[in-house]
Protein chains: 2
Amino acid sequence: MKCELRDNTITAEGDAVSELYDRGFYGRVKDGRLELALVEGAYLLYRKKIEIFSNGESVDFKTFFEIASKRITDFELGYIVFKDMRERGYYTKMSPIGFRLYPRGGHPGKTAAHIFVYLISERSRLPLQRMIQELNRAENARKRLILAIVDEESDITFYELKTSVMAGGDSKPDEIETPAEAGLIGDRTIVWDPEMADFLHSTYFFGKKLDEFRLQLSLVESGYLLARKWIEIEGMGLEAFDRYAAEIDPGYVLKYSAYSDLRDSGHVVKTGFKFGTHFRVYKKFRTDTHSEYLVHAVSSDHAFSLPELSRAVRIANSVHKRMIFGYPNCDRGRVGYIEIAWIRL
Amino acid sequence: MKCELRDNTITAEGDAVSELYDRGFYGRVKDGRLELALVEGAYLLYRKKIEIFSNGESVDFKTFFEIASKRITDFELGYIVFKDMRERGYYTKMSPIGFRLYPRGGHPGKTAAHIFVYLISERSRLPLQRMIQELNRAENARKRLILAIVDEESDITFYELKTSVMAGGDSKPDEIETPAEAGLIGDRTIVWDPEMADFLHSTYFFGKKLDEFRLQLSLVESGYLLARKWIEIEGMGLEAFDRYAAEIDPGYVLKYSAYSDLRDSGHVVKTGFKFGTHFRVYKKFRTDTHSEYLVHAVSSDHAFSLPELSRAVRIANSVHKRMIFGYPNCDRGRVGYIEIAWIRL
């Protein structure tokens, strides 16, 4: 079947609509003619379903690939992902961010696309705000949003993005009557009172026992308990403590906002150092349970590097936890959460 | 037993040498008296083995801990690690970087210390050069070097450091007669010749098949094959390619040095994107084998953040691979490697 390349479109007349669109759901029909995107054209050329002519001359795959990659940004990435999805039995439509994907067994005209695929190179950065924007768009349209990341060796990794509501933990802190005395030692505090040390640790899993009498608290734990008036530090009010903590740890304020939000909603929140994230989080805490989430706090102007994202999701996956990024959400006054999960398509 | 705190030392007379040194291997003997480090003193005070007097007055644990943490940098970290090791049955001696550790069942006077423990807070940065220096020191003394990282919640993570020789891979590239033609498409190249595409992929696992006829190569693969004259790119010499690659990927030169060194020694080297590292590396490559190493290239002035180190080691561990950092080693003209492995003490 003969097709004509003009600018960024391939057009075909005659049988094209019935052969390629009606049967294969390639391209889109306009004024009775079929228009193919260059990615679709390259695939049909490879499959020997079409011939492509430019200025009256037939172009081979190599020439077409070179032309197309000059005209379309990330053309080769689009081709890799399109080919992969097609060959695994999915129908797709082109979209501004990549593709709309139809459920297995479904196709245009029969079913609605159920997934928005966001195509991106491992070399790109993905700003958090862009992520939020695309998530809103997808969720408003009741679609799933999936990142398709093409690495430098043309392998594709798929991640699903979801907004997450972190609520319903079962360890909501109550009020207590008298604050316990704590002392600041370097970058941690020590609760000296044995009874209070034990209560904080065994009931809410705050801190780590220094020995059977004393409890060590991290900076965020200390700040949180200070704000709730569960502890007091001699000669140091909350504001002075916050300044002190931010001097020791420049990320303190950011980490604290996620920490306090999660504690307030009844989660037990511990360091995620062993996993290379800020926190591991328990929704229902028992001493014999594992944490369900890894939470990493990022600033609202954060731009993810994709290897960084890959590392975080990979670790969470390998320890059967869910990877959550928390960010200051000024609209709602608290913290927003996005879950990112590795999936097989 | 009464002890006296003066400056950064605790001294004890009388029975101290026979009770604490001969039986428990605490401190060191000087002029017939026992000198304890503050960390040892705090531990013996907690165990109620000694009383500590300062200016004639007895000091309790809390007071002593506060005094000591003001006098000794990272005193509380030292205490946490010392207590942990003692209570798990290890004898230690203080050292400039932390502790010397005796094998289980061994002790000073009977056996030599076999491990140098490098004590560090998760908030610190660990410069590569410092790591190399301590590794040399330990290896010259035929000791193992172990990092003891204390996280913000006072948990301790132990990593063993080793210099690593990456040699003996079984896929050493031969010479070939005629370079294959490759085309540059964005940030990868395509080998258009079907035979050569197949040879490169199936014999050496270069690149990824675009389809049954064509092979895609990453930037480092392209640069390597270009340097070996296995491929040629129309209108672009090696130098121009290197400039082009470094413009697309600012880390290209660094990654390339590790990549080419590993390929030259017969390893098969593929992207480690899915693991968040630069490379995964096969020593003996068969299509059904898994890679044995994850290799990440760092510059010679790199300073590791410890969460970064923790992430890398954790991932490698979870997929049963060995985590290796490669760095430009100007002394020896090639690339140096350090293996970092999570261990239980």
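Residues numbered from 1 in each chain as written. Chains lettered and ligands numbered in written order. Predicted model: local features only at pLDDT ≥ 70, side-chain atom pairs only at ≥ 80, totals over all residues. Heavy atoms only, no water.

A. Representation of the overall build of chain A in the model. On a plain count of helices and strands, chain A comes out with ten helices and 23 strands. The C-alpha atoms of chain A give a radius of gyration of 27 Å, which is well past the 20 Å a tight globule of 345 residues would have. The buried share of chain A, reckoned over its 345 residues, is 55%. Across chain A, every contact between residues at least 6 apart in sequence was considered, and the portion connecting residues at least 24 apart equals 55%. In the structure as shown, chain A presents an accessible area of about 15,300 Å², 46% of it carried by carbon and sulfur atoms. (Helix = DSSP H or I, 4+ residues; strand = E, 2+ residues; numbered from the N terminus. Rg over C-alpha atoms; globule rule 2.2 N^0.38 Å. Buried < 20%, exposed > 50% of the residue type's maximum accessible area, 1.4 Å probe, protein only. Contact = heavy atoms within 4.5 Å. Areas by Shrake-Rupley, 256 points an atom, 1.4 Å probe, with all protein chains shown as cover.)

B. Region of interest: the relation of the copies chain A and chain B. For the pair chain A and chain B, the superposition axis carries a translation of 0.0 Å, the fit reaches an RMSD of 0.0 Å, and the rotation angle comes to 180°. One copy is carried onto the other by what is essentially a two-fold rotation axis. Taken together, the interface assignments show that 98% of the residues at the interface of chain A recur at the interface of chain B, consistent with an identical surface on both copies. (Least-squares fit on C-alpha atoms with pLDDT ≥ 70 in both.)

C. Highlighting the packing of aromatic side chains. Residue and element names in this part refer to chain B. Tallying each qualifying case throughout the model produces 52 aromatic pairs over all chains. Aromatic side chains Phe206 and Trp230 sit 6.3 Å apart centroid to centroid with 70° between the ring planes, which places their arrangement in the edge-to-face category. Note that Phe206 is positioned in the loop between helix H6 (194–204) and strand S15 (208–209) and Trp230 in the loop between helix H7 (219–227) and strand S17 (231–233), a separation of 24 residues in sequence. Trp230 gets classed as buried once you look at its relative accessible area, which sits at 1%. On the numbers, 5.7 Å between centres and 80° between planes, the contact of Tyr224 with Tyr259 is edge-to-face. (Phe/Tyr/Trp six-rings, centres within 6.5 Å; stacked < 30°, edge-to-face > 60°.)

D. Helix H10 (residues 306–318) of chain A, seen in detail. All names here are of chain A. In this model H10 runs 18 Å from its N-terminal to its C-terminal C-alpha over 13 residues, within 8% of the 18 Å that 1.5 Å per residue would give. Taken together, the buried positions of H10 are occupied by Leu306, Leu309, Ser310, Arg311, Ala312, Val313, Ile315 and Ala316. Once H10 finishes, His320 follows within two positions and takes phi at roughly 60°, a positive value. (Expected span 1.5 Å × (residues − 1).)

E. Spotlight on the interface of chain A and chain B. At the interface, 60 residues of chain A touch 59 residues of chain B. At the junction of chain A with chain B, the criterion picks out twelve salt bridges. In this structure, B:Asp187 engages A:Arg123 in a salt bridge whose closest nitrogen and oxygen atoms are separated by 2.8 Å. Linking chain A to chain B there are 31 residue pairs in polar contact (both at pLDDT 80 or more). Of all the elements, H10(A) adds the most residues to the side of chain A that touches chain B, at seven residues. Split into classes, the residues belonging to the side of chain A that touches chain B amount to 23 nonpolar, twelve polar and 25 charged. (Salt bridge = Lys/Arg side-chain N within 4 Å of Asp/Glu carboxyl O. Polar contact = N/O pair within 3.5 Å; in protein donor to acceptor, adjacent residues only side chain to side chain. Nonpolar A, V, L, I, M, F, W, Y, C, P; charged D, E, K, R; others polar.)

F. Summary view of the pattern of salt bridges. Within this structure, the stated rule accounts for 52 salt bridges over all chains. Salt-bridge contacts for B:Asp249 lead to A:Arg123; the nearest nitrogen and oxygen are separated by 3.5 Å. In this pair, B:Asp249 is assigned in the loop between helix H8 (238–248) and helix H9 (252–264) and A:Arg123 in the loop between strand S9 (115–121) and strand S10 (125–127), connecting two distinct chains. Taking the relative accessible area as the measure of exposure, B:Asp249 reaches 13% and is therefore buried. Look at A:Arg123 and you get partly exposed, because its relative accessible area is 25%. The partner of A:Glu153 in a salt bridge is B:Lys270, and the shortest N-O contact between them spans 3.6 Å. Pair noted here: A:Glu153 is in the loop between strand S11 (144–150) and strand S12 (156–164) and B:Lys270 is in strand S18 (residues 268–272), and the two residues belong to different chains. According to the relative accessible area criterion, A:Glu153 is buried, its value standing at 6%.

G. Geometry of the packing of helix H7 (residues 219–227) of chain A against helix H9 (residues 252–264) of chain A. All names here are of chain A. At a minimum axis separation of 10 Å, H7 and H9 run at an interaxial angle of 60°. By the angle class used here, H7 and H9 are oblique. In terms of crossing hand, the pair formed by H7 and H9 is right-handed. Residues Leu219, Val220, Glu221, Gly223, Tyr224 and Ala227 of H7 form the contact with H9, whose participating residues are Tyr252, Lys255, Tyr256, Tyr259, Ser260, Arg263 and Asp264. Here the residues of the contact of H7 with H9 are counted per class, giving seven nonpolar, two polar and four charged. (Axes fitted to C-alpha atoms, helices over the stretch in contact; angles between N-to-C directions. Parallel < 35°, antiparallel > 145°, perpendicular 65-115°, else oblique. Left-handed = near helix turned anticlockwise from the far one by under 90°.)

H. Structural context of the pairing of strand S4 (residues 33–37) of chain A. Residues and elements named next belong to chain A. When strand S2 (residues 9–12) meets S4, the two strands line up antiparallel, connected through four bridges. Within S4, the residue paired with Ile10 across the bridge is Leu36. Where strand S3 (residues 28–30) and S4 come together, three bridges link them in antiparallel fashion. What sits directly across from Val29, in S4, is Leu34. Counting the residues between successive antiparallel strands, the hairpin from S3 to S4 contains two residues, one of them, Asp31, with a positive phi of roughly 55°. (Pairing = 2+ DSSP bridges.)

I. Quick peek at the layout of surface pockets. Volume-wise, the largest pocket comes out at about 900 Å³. Where the lining of the largest pocket is concerned, the elements lending two or more residues are H10 of chain A together with H9, strand S19 (277–282), strand S20 (293–297), helix H10 (306–318) and strand S22 (322–329) of chain B. By residue number, the principal contributor to the lining of the largest pocket is H10(A), which donates five residues. Volume-wise, the second largest pocket comes out at about 740 Å³. Forming the walls of the second largest pocket are 36 residues, and the residues nearest its centre are A:Asp155, A:Ile156, B:Lys208, B:Lys274 and B:Arg280. Only helix H4 (75–87), S12 and strand S23 (334–343) of chain A together with H6, S15, S18 and S19 of chain B provide two or more residues apiece to the lining of the second largest pocket. In terms of residue count, the dominant contributor to the lining of the second largest pocket is H4(A) (four residues). Residues that form the lining of the second largest pocket fall into these classes: twelve nonpolar, eleven polar and 13 charged. (1 Å grid on protein atoms, 1.4 Å probe; cavity = no way out; pocket = protein on both sides within 12 Å on 5 of 7 lines; lining within 4 Å. Points joined across faces, edges and corners; volume = space filled by probe spheres on them.)

J. Focus on unusual backbone geometry. All names here are of chain A. The phi dihedral of Lys48 falls on the positive side, at around 60°, and the residue is not glycine. Even without being glycine, Asp74 reaches a positive phi, approximately 55°. Structurally, Asp74 can be placed in the loop between helix H3 (61–71) and H4.

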